[in-house]
Amino acid sequence: MTERKASPLEDGVTWARVCKECGQCHEGQDSHLYEYQDEVDDELVCHICLQPLLQPMDTPCGHTYCYQCLSNFLHDQNFCPVDRQRLQLQLCRSSSLLVRNLLDKLFVLCPFRSECQQNMQRCELQPHLHNRCPAFKRLREEAERKKRPYWNELKGSKSDGDLTDTKSTPSITCTAQTSETGLVNPAFEEGEDDTPLRSSLVAEATVVELFREEPEEKLGLCIVGGKDTPLGNIVIQEIVRDSLAGRDGKLAPGDHILEVNDVSLASIPHSRAIAVLQESCSRLRLTVMQEKGFKSNPEHLAQPSASPPPQPSNPNQNHGTVIQVTLVKRDRSEPLGIKLIRKSEEPGVFILDLLPGGLAAKDGKLRNNDKVLAINGQDLRHGTPESAAQIIQGSEMRVNFVVMRLPDHSEEEGEGQSRGARKAPEPQYFNRCSTYMKDPPGGFFSQEKTVSLKKEPRHSLGITIAGGRDCHSRLPVYITSVQPVGCLHRDGTIKTGDVLLSINGIDLTQLTYNEAVTVLKAQAAQNTVTLRVIQTFADKEEQNGESSSREDMDTPEGLKEDDVNWVPLWTHWLGLPSYMHWCRDIMLMKTNSESWGFSIIGGYEESRGQQPFFIKTIVPGTPAHFDGRLKCGDEIVAVNGVTTVGMNNSSLIPMLKLQKNKVTLTVVSWPGSLV
């Protein structure tokens, strides 16, 4: 093993020799070279090239290497370089988001130190080279000048103008290719004037402690992801209102859970992570990675943007207008004159009243019933009035609000609905059965089963069900328990969690819960019953984990239809065939060249074949975040009506970036596992 170090570039380097990503001179098949400003921790160093990891890959035996290094090594060998255990490249996985973030944040020096003395995070070097480095710019212009016919050199100012136009095109192209594989929100994006709108994406590891009054109290977290899923990490999809986590207010949707009571969740399957989170204890210590949003360029902080903030555009979603308001205090202790509350029917913080004569009332931009989305960049979509008050009290002279204002007629309808026992389903939330045919993620599949039996008309089938196309997530009707008193239990074919397709030839896949109950009761009165169901499976490790979870949660003795609370894990739904999916269209809008604000993972990979695209991260302060409909774990099946089947990251990401002002994502969303 030979250690290769980057060094300052010598005079005489040409555009053809220099790497367009790292700025160093190396062979095309070799790994990129960087000159690091500080000593790098050994845990972040590849054991093959002895350099900080690039595209880190984890082996099943627990070691991490650069993708290129490991690929080259396994071309000739079939074992791990450290412990010599048998190894194949397709068994290795991309390292966790935490590791990749730590590597991206390593500080490096510009390789053109004779002309540029800048240092920056590693993920920002390529945008720096293509947009701000004078030496890199000089090399590019020299190469372009040599390509032009010699008579262009004889032209006057017109040729200079042509040069400006010529060099702008490669700049845009290179920026589009800078993102890490799978990311739609790169850490750097350029404006039309080549001025960086955002400099870096900020994420922090935070420790959150939750104290249970009862050792087995639910946390109120809906979880997606796991080592056995395309997401890899364990991610919070939603937080249940008025739950333990909801009252605490420190966790938020999109947080990646790294550890629970010093037990790492980085390389365990979904069901095992759920078991760790459900362990009976009074204190839970969670280490989470939280996205804090983009760190704004100081030049843009000094000048307020003239463009309005992104607004949710689907009128059927009851979304209002997003407004940014800045209040300037005379001194830090001056009160704003705002009363904040939270509502019983909707999460978040709302403005109850503006005190007459107060700063907010005089300003006139905030109104009663505005929903507070963020204060000074801190997400409050699932916050509390107490946490909002703490942010305001700790602020300096300027307090920046981002609020959502609903139309008047929507507010009136909301008041009427809040009096009812059950809120009506949101129209067009999932508007149609999916027509996009695709395979489930690797390791997940399903099997159709049919059972025919003869019975006495008075005998019950002995099953309880849940779901239905009128529920919030448009789940198909599924079985929550098979009771020992029924005839289906004696047959043994039908299991808890099976999804109902039909009974006696009557389709059940498009019915609401009440419609399904009516049909099942009517057909159960027949002498012969034929039931078709789908059972979903995962690989052996996941299947065993979920089966044990079912046994722990199911207590069939003496249960009635209305008190069976078994709920499938998130992974249970991943194996369903695509004709059982219901999808919805989400239109996102923006008014400038900012990021859409979400990262994706999936697509075609040579080692794993075609994988669906999943939302992995949603960045605070972006259009996807303020819109509020996209969730971590959602599967993207189409973009502007074009199916994502057969695409890889290098084709989908540029397609998303080309959508300047609006984009329509067709997604399938399954509810996260509740812990």
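Residues numbered from 1 in each chain as written. Predicted model: local features only at pLDDT ≥ 70, side-chain atom pairs only at ≥ 80, totals over all residues. Heavy atoms only, no water.

Some details on the environment of Ser282
How we decide: Secondary structure elements follow DSSP: runs of H or I no shorter than four residues count as helices, runs of E no shorter than two count as strands, and numbering proceeds from the N terminus. To sort residues, take the accessible area from a 1.4 Å probe on protein chains only and compare it with the maximum for the residue type: under 20% means buried, over 50% means exposed, and anything in between is partly exposed. Only heavy atoms matter for contacts: two residues are in contact if any of them lie within 4.5 Å across the pair.
Along the chain, Ser282 turns up in the loop between helix H7 (270-277) and strand S13 (283-296). Overall, the relative accessible area of 44% leaves Ser282 in the partly exposed class. Ser282 sits 72 residues away from Leu210 along the chain, and the two C-alpha atoms are 8.3 Å apart. Once you skip the residues sitting within four places of it in the chain, Ser282 turns out to touch Leu210, Phe211, Arg212 and Pro215.

Observations concerning the sheet that holds strand S2 (residues 56-58)
The cut-off we apply is this: Criterion used throughout: strands pair if DSSP finds at least two bridges between them. Axis lines are fitted through C-alpha atoms, for helices just across the contact stretch, and the angle between N-to-C directions can take any value from 0 to 180 degrees.
Strand order in this open sheet of three strands is S3-S2-S4, and the pairing throughout is antiparallel. If you trace the sheet from one side to the other, it starts and ends with strand S3 (64-66) and strand S4 (93-94), each paired once. The pairing of S2 with S4 spans two bridges and is classified as antiparallel. When the bridges of S4 are listed, Met57 appears paired with Ser94. Helix-sheet contacts for helix H1 (residues 67-76) involve S2 and S3, and the interaxial angle to S3 is about 90°.

Section: the side chain of Ser502
Following the sequence through the fold, Ser502 ends up in strand S24 (residues 499-503). When near neighbours in sequence (up to four residues on either side) are disregarded, Ser502 contacts Asp507, Leu508, Thr530, Leu531 and Arg532.

A word on the sheet that holds strand S5 (residues 107-109)
Within a beta sheet, neighbouring strands are joined by backbone hydrogen bonds and run either parallel or antiparallel to one another. Within the open sheet, the three strands sit side by side as S1-S5-S6. Their pairing is antiparallel. Edge positions in the open sheet fall to strand S1 (35-36) and strand S6 (119-121), since each of these has one partner strand only.

A closer look at the pattern of salt bridges
The test is simple: Between Lys or Arg on one side and Asp or Glu on the other, a salt bridge is scored when a side-chain nitrogen of the former is within 4 Å of a carboxyl oxygen of the latter.
Evaluated as defined, the whole model comprises 18 salt bridges. For Arg138, the salt bridge goes to Glu115, with nearest N and O atoms at 2.6 Å. With a gap of 23 residues between them, Arg138 in helix H4 (residues 134-147) and Glu115 in the loop between S5 and S6 connect regions that are remote in the sequence. Residues Glu217 and Arg247 are paired through a salt bridge, measuring 3.4 Å at the closest nitrogen-oxygen approach. Note that Glu217 is positioned in the loop between strand S8 (196-211) and strand S9 (221-225) and Arg247 in helix H6 (residues 244-248), a separation of 30 residues in sequence. Classification of Glu217 by relative accessible area gives partly exposed; the value is 22%. Accessibility expressed as a relative area gives 42% for Arg247, which makes it partly exposed.

Thoughts on the confidence of the model for the protein chain
Should pLDDT be low for a region, the predicted coordinates there are not to be read in detail. Convention followed: Looking at any residue, its pLDDT shows the predictor's confidence there, from 0 to 100.
When pLDDT is averaged along the protein chain, the result is 76, and 76% of the positions lie at 70 or above. For residues 297-318, every residue scores under 50 in pLDDT, and the model assigns this stretch 42 contacts once sequence neighbours within four places are set aside. In this model residues 541-563 is a low-confidence stretch, pLDDT under 50, and it forms 30 contacts with partners more than four residues away in sequence or in other chains.

Some details on H7
Burial analysis of H7 places six of its eight residues in the buried class, which makes it a mostly covered element. If you check which residues of H7 are buried, you get His270, Ser271, Ala273, Ile274, Val276 and Leu277.

What about H1?
Stated precisely, the cut-off is as follows: Arc definition: it is the arc formed by the directions from the helix axis to the C-beta atoms.
All buried positions along H1 are accounted for by Cys69, Leu70 and Leu74. The buried residues of H1 all sit within an arc of 120° when viewed along its axis, so they share a single face. Exposed side chains of H1 directed beyond 90 degrees from the buried face belong to His75 and Asp76. At its buried positions, H1 is contacted by S2 and S3.

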